[in-house]
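A structural walkthrough
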Amino acid sequence: MLVTVILAAGKGTRMCSELPKVLHPLLGVPVLEHSLESAEALGPGQKIVVVGYAREKVIEAFQGRGITWAVQEEQLGTAHAARCGIGAIGAASPGAPPAAGADPDVLVLNGDLPALRADTLRALLAEHARPGAHVSILTCSMADPSGYGRILRDARGLVTGIVEEKDAEEATRRLREVNVGTYVFRASAFREAYARIDRQNAQGELYLTDVVVQAARGGRTVATFEVEDEREVAQVNSRAELARASEILRERMLDEYMGSGVTIDDPGSTYIEKGVRIGAGTRILPFTVIQRGVEIGAGCEVGPFTHLRPGTRLADGVSVGNFVEVKASRIGRKTKVRHLSYVGDGIVGEGVNIGAGTIFANYDGKTKSTTVVKDGAFIGSGTVLVAPVTVGARAVTGAGSVVLKNRDVGDGEVVVGVPAKALKKA
Ligand code: UD1
Ligand code: MG
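Computed from a predicted model, the values in this text were never measured in an experiment.

Some words on the coordination of the magnesium ion (ligand 2)
The coordination sphere of the magnesium ion (ligand 2) contains the protein donors Asp112 (OD), Gln235 (OE1) and Asn237 (OD1), at a distance range of 2.1 to 2.4 Å. One chain supplies every donor for the magnesium ion (ligand 2), spaced along it as D-x122-Q-x1-N.

Some thoughts on the packing of helix 3 (residues 78-87) against helix 6 (residues 187-194)
Their axes nearest at 11 Å, the elements helix 3 and helix 6 cross at an angle of 135 degrees. Relative to helix 6, the element helix 3 is oriented oblique. The interaxial crossing formed by helix 3 with helix 6 has left-handed handedness. For the pair helix 3 and helix 6, contact is made by Ala79, His80, Ala82, Arg83 and Ile86 and by Phe190, Arg191 and Tyr194, respectively. Residues of the contact of helix 3 with helix 6, tallied by class, amount to five nonpolar, one polar and two charged.

A word on the environment of Asp229
Take Asp229: it is sitting in the loop between strand 11 (221-227) and helix 8 (239-259). Residue Asp229 is classed as partly exposed on the basis of its relative accessible area of 29%. Taking the C-alpha atoms as reference points, Asp229 and Gln203, separated by 26 residues in sequence, lie 29 Å from one another.

Notes on the sheet that holds strand 20 (residues 313-314)
Hydrogen bonds between backbone atoms are what pair the strands of a sheet, whose relative direction is either parallel or antiparallel. With parallel pairing, seven strands are arranged side by side in an open sheet as 14-17-20-23-26-29-32. Lying at the two open borders of the sheet, with one neighbouring strand each, are strand 14 (277-278) and strand 32 (389-391). With three bridges connecting them, strand 29 (residues 371-373) and strand 32 associate as parallel partners. Bridge pairing in strand 32 links Val373 to Val391.

Some remarks on the site of ligand 1
The full set close to ligand 1 counts 26 residues, and Gln72, Thr78, Glu164, Asn179 and Gln235 are the nearest of them. Take Gly111: an N or O atom from its main chain is 3.2 Å from an oxygen atom of ligand 1. When ligand 1 is considered free in solution it has 760 Å² of accessible area, and contact with the protein chains removes 92% of it. Breaking the shell around ligand 1 down by element, the ones donating at least two residues are strand 1 (2-8), helix 3 and strand 10 (177-186). Here the element with the most residues in the shell around ligand 1 is strand 10; it accounts for three residues. Looking at side-chain class alone, the shell around ligand 1 contains ten nonpolar, twelve polar and four charged residues.

So, the nonpolar core
Within the largest apolar cluster, 49 residues are counted, with the highest numbers of intra-cluster contacts made by Tyr257, Ile296, Leu308, Leu314 and Val373. Counting residues per element, this core draws most heavily on helix 8, which supplies seven residues. Here this core spans two domains, since at least three of its residues come from each of domain 1 (2-233) and domain 2 (239-425). By size, the runner-up hydrophobic cluster in this structure holds 37 residues, among which are Ala81, Ala88, Ile89 and Phe190.

Focus on the pattern of salt bridges
One side chain can pair with another of opposite charge once the charged atoms of both are near each other. The final tally for this structure, using the stated rule, is 23 salt bridges. Among the salt bridges present, the one from Asp154 reaches Arg156, with a minimum N-O distance of 3.7 Å. The class for Asp154 is partly exposed, based on a relative accessible area of 26%. Here Arg156 falls in the exposed class, since its relative accessible area comes to 70%.

Some details on the packing of helix 6 against helix 7 (residues 208-217)
Angle between the axes and distance between the axes are the two parameters that describe a pair of packed helices. Contact geometry for helix 6 and helix 7: axes closest at 8 Å, N-to-C directions at 100 degrees. Classed by the angle they form, the pair helix 6 and helix 7 counts as roughly perpendicular. Residues Phe190, Ala193 and Tyr194 of helix 6 pack against Leu208, Val211, Gln214 and Ala215 of helix 7. Among the residues forming the contact of helix 6 with helix 7, the class breakdown is six nonpolar, one polar and no charged.

What counts as what
- Position numbers for residues start from 1 in each chain and track the written sequence from start to end.
- To read the labels, note that chains go from A and ligands from 1, taken in the order they are written.
- The predicted origin of the model limits local features to residues at a pLDDT of at least 70 and limits the giving and counting of side-chain atom pairs to 80 or more, whereas totals for whole chains, interfaces and linings rest on all residues.
- Excluding hydrogens and water, the side-chain values take into account all heavy atoms of the structure.
- Metal donors were taken as nitrogen, oxygen and sulfur atoms no farther than 2.8 Å from the ion, or 3.2 Å where the ion is Na, K or Ca. Water is excluded, so coordination may look unfinished.
- Throughout, an axis means a line fitted to C-alpha atoms (over the contacting stretch in the case of helices), and angles, computed between N-to-C directions, take values from 0 to 180 degrees.
- A helix here means a DSSP run of H or I that spans at least four residues, while a strand means a run of E at least two residues long, and both kinds are numbered starting from the N terminus.
- The scheme is simple: roughly parallel for angles under 35 degrees, roughly antiparallel for over 145, roughly perpendicular for 65 to 115, oblique for anything else.
- Should the near helix be turned anticlockwise from the far one by less than a right angle, the crossing is left-handed, and should it be turned clockwise, the crossing is right-handed.
- By definition, residues are in contact when any of their heavy atoms lie within 4.5 Å.
- Residue polarity follows a fixed list, in which Ala, Val, Leu, Ile, Met, Phe, Trp, Tyr, Cys and Pro are nonpolar, Asp, Glu, Lys and Arg are charged, and the others, Gly among them, are polar.
- Accessible area is worked out with a 1.4 Å probe on protein chains only. A residue is then buried under 20% of its type maximum, exposed over 50%, and partly exposed in between.
- If DSSP finds at least two bridges between two strands, the strands pair.
- If even one non-hydrogen atom of a residue comes within 4 Å of a molecule or strand, that residue is called near it.
- Two N or O atoms form a polar contact when they lie within 3.5 Å of each other; inside protein one atom must be a possible hydrogen donor and the other a possible acceptor, and for residues adjacent in sequence the pair counts only when both atoms belong to side chains.
- All accessibility values rest on the Shrake-Rupley procedure with a 1.4 Å probe; residue burial counts only the protein chains present in the view.
- In these notes, a set of buried Ala, Val, Leu, Ile, Met, Phe, Trp, Tyr and Cys residues joined through side-chain atoms within 4.5 Å is what counts as a nonpolar core.
- Residue ranges for the domains trace back to a domain assignment, done automatically or taken from a database.
- Salt bridges are counted wherever a side-chain nitrogen of Lys or Arg sits within 4 Å of a carboxyl oxygen of Asp or Glu.

Note that every value here comes from positions in space, so none of it alone points to a role or purpose.
Here it is in structure tokens:
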């Protein structure tokens, strides 16, 4: 029976922000979302998140996720936060919490480790499953360990200490093996060791690392699993680190897309947020931004310089090109929007041609309205479609025409001018 506890009560002072650190957006979702998903992938019986600073905002952002919220009123340190989390074991939760009196294993995870993979957490749990393991931690040997706690080992290689950088002497600082911020404790082992820690350190806090050290001193074996790829352990303490974490996650996701048959001409200038689906055979050209949840079919071409915003769905074979922004719109098969256009709140059919410089004027200053363009329509360059409006199947708008709201264009009709009027057939 596994319980996960994510520590997310800190303000994140080094972010210099009123917004709690765990809510800063990272690839379109909060920093905490990334750790939460890794924890969820383990199928825990209960998932607990410890909140404190601006807790209403954090709880609000993760409504309906089946989380047990534990409150740390005062941020006294990571050990105290973990204690608050462990205290909530068995508290009402939608999952199947462990029975009272049980001694579950608890995975405690810092909320600022967004690049950690679920597989790595599984490997740590496997290490912990060996006979006699009561405390297990992730470590990593880093080229640049600054900002992390350093691991001390004895001659036999057993962990004897974890020293925070602020408390470390020069020689300790030179150690490369760091504490990742991910631990598994048998709940009873945690409680026993917690009772023996104090706040005699540079930050005057209750350190979770000291719980590990006290457990070792109390005769418990501290098992370790070493993370090979140091990019996985990127933590977010500052905005510079946030940017670095974003880079790492982005690179990983782009590799996955390419592995599934998507061509990405220039990964370095392609920004794709979390939860985007892209079909095989699609090509993404440079300087393109694709936001969270966008769906792109197979065999599409997107970019260069394209911005696809949330709520956008491109069917197969769609082409969206230079300086085009699409927001909350569905675009049908083989439709082309190649140059300099804004398509907002649109429902666009199949085989439509949207000419250069077309604007879907979806906002009148108060409400956003929908524009429908049906199959086979041809929208002339520089057309403004003032929503709500419908352009019929195979209809044509002349270059520079302004189609006013509710002045629907009939199937096959040709309209021109400002405001657009039907062209009399010769
Ligand atoms: C911590 C570790 C350090 C490790 C590093 C790696 C300790 C003492 N140090 O340092 O060894 O190398 O992570 O990621 O644990 N939090 C609370 N309540 C508090 C304090 C913190 O919930 O009272 C939460 C924060 O919101 C954050 C997490 O705990 O999500 C870690 O805190 P942070 O301040 O980032 O610790 P580090 O200084 O990075
Ligand atoms: Mg940190």
